[in-house]
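Descriptive analysis of the structure
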Amino acid sequence: NVFGTAALDCDGNGYLDVLGIGNSNSPRVTHGPDDAFNGFTLMNNKGTLTFTDGLNNGFGVKGDAKSLILVPLKQDKMMVVANQNDGRSLSFGLKQTGKFIPAQGTEYKATVTLKSGSRVENMTYGSGYLSCSQPGVWADKNVTQIVFTNSKGATRTVKP
């Protein structure tokens, strides 16, 4: 079971990677809890996704993991926070730096121009089971421009 997901560029190559957590300790008489899932990372290399288990890459979340959010910090850093049902919260710092550009009002998407290519990011107001990261774009060294679009079609351009 996957309950928490987050998309971000973990390795600084300009492509969004995917983090995920899960498990369920709710009793099921026929086979017991689902507790063999320790989180994962799908590393994106130009559209090719490579799976790594959370315990092998430093993003291990054991137990009844239910929510996952991205938290922008001062000094242009970001933290990933995972919560466990009836357990503790775990935080993971990212090595890369950049700037978090928050969405405003009813902005629902961002067209992100990179040094080589572009991507569209949806501004979600809920990113998994019982979780919600602040909507916005993490602008690292690969991002040259961000164009946010709101629900009425108006745009806002940001050059990080």
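Anything mentioned here points back to the structure above.
Details of the pattern of salt bridges
Any two side chains of opposite charge can pair if their charged atoms end up close together. Evaluation of the coordinates by the stated rule reveals three salt bridges. Of the charged contacts in the structure, one is a salt bridge between Lys66 and Asp64, with a shortest N-O distance of 2.9 Å. Taken individually, Lys66 and Asp64 each receive the classification buried, so the pair is uniform in this respect. Two residues, Arg119 and Glu121, come together in a salt bridge whose shortest N-O distance is 2.8 Å. Judged by its relative accessible area of 14%, Arg119 falls in the buried class.

Here's the deal with the pairing of strand 12 (residues 143-150)
The element strand 12 is largely enclosed, with a buried count of six among its eight residues. Two elements, strand 12 and strand 13 (residues 155-158), share four bridges in a ladder whose sense is antiparallel. By the bridge assignment for strand 13, Ile146 is matched with Val158.

What counts, and at which threshold
- Residues numbered from 1 in each chain as written.
- Predicted model: local features only at pLDDT ≥ 70, side-chain atom pairs only at ≥ 80, totals over all residues.
- Heavy atoms only, no water.
- Salt bridge = Lys/Arg side-chain N within 4 Å of Asp/Glu carboxyl O.
- Buried < 20%, exposed > 50% of the residue type's maximum accessible area, 1.4 Å probe, protein only.
- Helix = DSSP H or I, 4+ residues; strand = E, 2+ residues; numbered from the N terminus.
- Pairing = 2+ DSSP bridges.

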